[in-house]
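# Coordinate inspection notes
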Amino acid sequence: METTYDIKVYKILTYKGSRKTTYTVRWVVAGKRWREPFETVALAEGFRSELIQATGKGEAFVIATGLPVSHRSKSASMSWYKFAVQYVDARWSQLGGNSRKNTAKTLTATTIALLRLQPAQFDPVAVRTALREWAFNANRRPDAPRDVVTILRWVERNSLPVSSWEDPEKVDDVLQAVDTRLDGKQAAAWSRKRHRRILNVVMKYAIRRRILRTNPLPKGKETTTTQTTNAVDKRCLINSGQAVALLGWIRRRPRGGKRLHAFFSTMYYCGPRPEEAVAMRVSDVNLPDADAVDQWCELLIHTATPEVGKQWTDTGEIHEERDLKGRAEGDTRTVPGHPALTRILRQHIEDEELKPGDLLFQGEKSGILAGSVIRRAWRSARRAVLAPHVFESPMGKRVYDLRHTRLTKWLNDGIPPAQVAEWAGNSVPVMLSIYARCVDGQLSDLKKRLEAAGDLEDLPAAD
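Summarised in this report is the structure supplied together with it. Chains are numbered independently. Their residues run from 1 in the order of the written sequence. Per-residue local features are limited, in this predicted model, to residues with pLDDT of at least 70; the limit for side-chain atom pairs, both in listing and counting, is 80 or more; totals at the level of whole chains, interfaces and linings are taken over all residues. Here the side-chain values reflect all heavy atoms present in the structure, with hydrogen atoms and water set aside.

A separate point is the overall build of the protein chain. Only DSSP runs of H or I reaching four residues or more are called helices, and only runs of E reaching two or more are called strands; each is numbered from the N terminus. Helix and strand counts for the protein chain come out as 18 helices and nine strands. The globule rule used here is 2.2 Å times the number of residues to the 0.38 power, and the radius of gyration it is set against is calculated over C-alpha atoms. For a compact globule of 463 residues, the expected C-alpha radius of gyration is about 23 Å, and the protein chain comes in at 29 Å, more than 25% above that figure. Dimensions along the principal axes, computed over C-alpha positions, put the protein chain at roughly 95 × 90 × 45 Å. For the protein chain, buried positions account for 43% of its 463 residues. Computed with the Shrake-Rupley method and a 1.4 Å probe, the accessible areas treat only the protein chains shown as cover for residues. If you sum the accessible surface of the protein chain, you get close to 26,100 Å²; carbon and sulfur atoms cover 51% of it. Across the protein chain, 74 positive and 54 negative side-chain charges occur, with their mean positions spaced 6 Å apart. When a residue's accessible area, from a 1.4 Å probe over protein chains only, is under 20% of the maximum for its type it is buried; when over 50% it is exposed; and in between it is partly exposed. Only four residue types enter the charge count, namely Lys and Arg as positive and Asp and Glu as negative; His and the chain termini do not. Charge coordinates come from a single atom per side chain, which is NZ of Lys, CZ of Arg, CG of Asp or CD of Glu.

Right, dumping it as structure tokens:
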């Protein structure tokens with residue numbers, strides 16, 4: 001750690017922008033300029049006062065960070081592993097199951113990258129499992145088996161301090177670790193983006209706890225994270241002929257075929273998320289009378305039960321019940337169902353002898369329909385119905401592609417994007433960013449509109 005006493009502290013620089021005013025503390029350490037912006041003048045004056053007090057006491061400053069040596073004391077005395085465990089415990093009750101799982105994955109890769117030496121005496125898989133499934137799981141950590149405790153104690157003894165984040169080279173090592181898969185190849189763009197988003201939240205927590213002064217992760221153009229897109233690949237969409245063949249095969253499936261046919265038909269005709277569909281109750285379906293002229297039904301969607309794994313939920317259940325994605329607590333939405341779906345659901349409820357409070361789509365033991373059953377049935381249908389080259393293509397590869405197909409069809413049929421967004425449970429900007437590339441079949445009509453606007457008047461003939 002290289003230090004210096006060559007310090008100069010300047011006056012606070014005030015910048016009044018169109019939205020807010022920023023107060024920036026400026027100082028120089030061994031000829032290198034440092035700047036720290038604050039949102040209030042009180043915070044800026046407090047930080048500047050700390051710098052001046054340190055120089056008045058004759059305290060050395062760290063050249064690499066621009067801060068007094070005393071500012072390193074807290075981050076230098078706490079190991080990264082200990083801090084990561086504290087972070088998990090502090091955030092556990094605030095996170096859903098999938099967020100807990102993703103946080104554990106990110107912290108596992110980061111912790112291994114911040115070891116003084118690699119644990120050669122332990123199997124690498126065992127080390128990752130001990131960290132991901134036990135150390136960074138607040139519910140399971142107290143019950144960790146003896147072999148896991150042995151690994152975690154070794155990790156704690158060999159974990160670098162939090163102050164390691166002040167070393168730019170070490171930051172690069174961590175980012176390289178979270179951006180790389182176990183086989184040495186680069187992780188998918190969405191995975192890399194998720195890891196960095198989680199690490200940024202962790203760094204903000206460290207700053208609030210005054211363990212770190214600033215966020216050491218690169219920002220803006222300094223980051224090398226690949227750009228990602230939400231846009232749907234048109235190749236994943238299912239045409240009507242394929243939908244008929246797939247749903248028909250599922251209906252003829254010997255084991256639970258009719259129940260699964262009702263589930264996949266609901267996905268195809270109404271486009272809910274899979275975790276929303278499996279959470280629906282019979283009372284959430286408003287079916288018209290059998291002799292009514294209007295045979296459109298209506299689905300009330302108000303709950304989602306994503307499958308996250310029993311080790312990540314507080315109840316010990318595989319599924320976690322939560323409110324709708326991107327909606328306010330307790331919010332609901334209604335979606336119209338085609339008359340064809342009305343017939344399917346009416347028959348399904350009758351055949352299964354379901355009561356209003358029952359789950360609409362049940363597993364074999366009357367419980368929630370398992371994601372593994374859904375995925376296995378869909379994959380079997382694709383393999384049985386589609387040609388080999390189509391089966392290997394993105395077409396309908398995921399159950400979620402049924403939702404993409406329905407929302408795209410609504411847009412292509414001329415349903416206003418605002419209405420489609422309401423039925424889908426998305427905002428209009430998100431809806432358009434995801435499905436804009438899939439809207440087609442309207443070019444000829446658009447050309448006619450442009451032609452109707454007329455052209456420039458004929459230019460006079462040249463002399």
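So, on to the packing of helix α9 (residues 240-251) against helix α10 (residues 257-270). Orientation is described by axes fitted as lines to C-alpha atoms, over the contacting stretch for helices, and by angles from 0 to 180 degrees between their N-to-C directions. Close contact between α9 and α10 brings their axes to 7 Å; oriented N to C, the two are set at 155°. By the criterion of interaxial angle, the relationship of α9 to α10 is roughly antiparallel. The residues of α10 that touch α9, namely those facing Ser 240, Ala 243, Leu 247, Ile 250 and Arg 251, are Gly 257, Lys 258, Leu 260, His 261, Phe 264, Ser 265 and Tyr 268. Any angle that is under 35 degrees is reported as roughly parallel, and any over 145 degrees as roughly antiparallel; angles of 65 to 115 degrees are reported as roughly perpendicular and all others as oblique. We call two residues in contact when some of their heavy atoms are within 4.5 Å.

Looking at the element boundaries, Ala 370 is found in the loop between α12 (339-352) and α13 (371-385). The residues contacting Ala 370, other than those within four sequence positions of it, are Glu 307 and His 319.

Here we take up the sheet that holds strand β8 (residues 297-301). Strand pairing in a sheet takes place through backbone hydrogen bonds and is either antiparallel or parallel in direction. Only strands that DSSP links by at least two bridges are regarded as paired with each other. Overall, antiparallel pairing links the three strands, which are arranged β7-β8-β9 in an open sheet. Bordering the open sheet on either side are β7 (285-286) and β9 (333-337), each of which pairs with just one other strand. Strand direction decides the pairing type here: β7 and β8, joined by two bridges, are antiparallel. The residue of β8 that forms the bridge with Asn 286 is Glu 298. Relative to the sheet, α10 contacts β8 and β9, its axis offset from that of β9 by approximately 100°.

Put simply, the grid is 1 Å and covers the protein atoms alone, a cavity is a trapped set of points that fit a 1.4 Å probe, a pocket is an open set with protein on both sides within 12 Å along at least five of seven lines, and lining residues have an atom within 4 Å of a point. Grid points are joined across faces, edges and corners, and a volume is the space filled by probe spheres set on the points. By the definition in use, this model includes one cavity of 30 Å³ or more. Considering only enclosed or pocket space, the largest cavity measures out at about 40 Å³ in volume. Lining the largest cavity are Tyr 87, Val 88, Arg 91, Trp 92, Leu 95, Arg 100, Thr 103 and Phe 136. At the level of secondary structure, the elements contributing two or more residues to the lining of the largest cavity comprise α3 (80-91) and α4 (97-113). The dominant element in the lining of the largest cavity, judged by the number of residues it contributes, is α3, at three residues.

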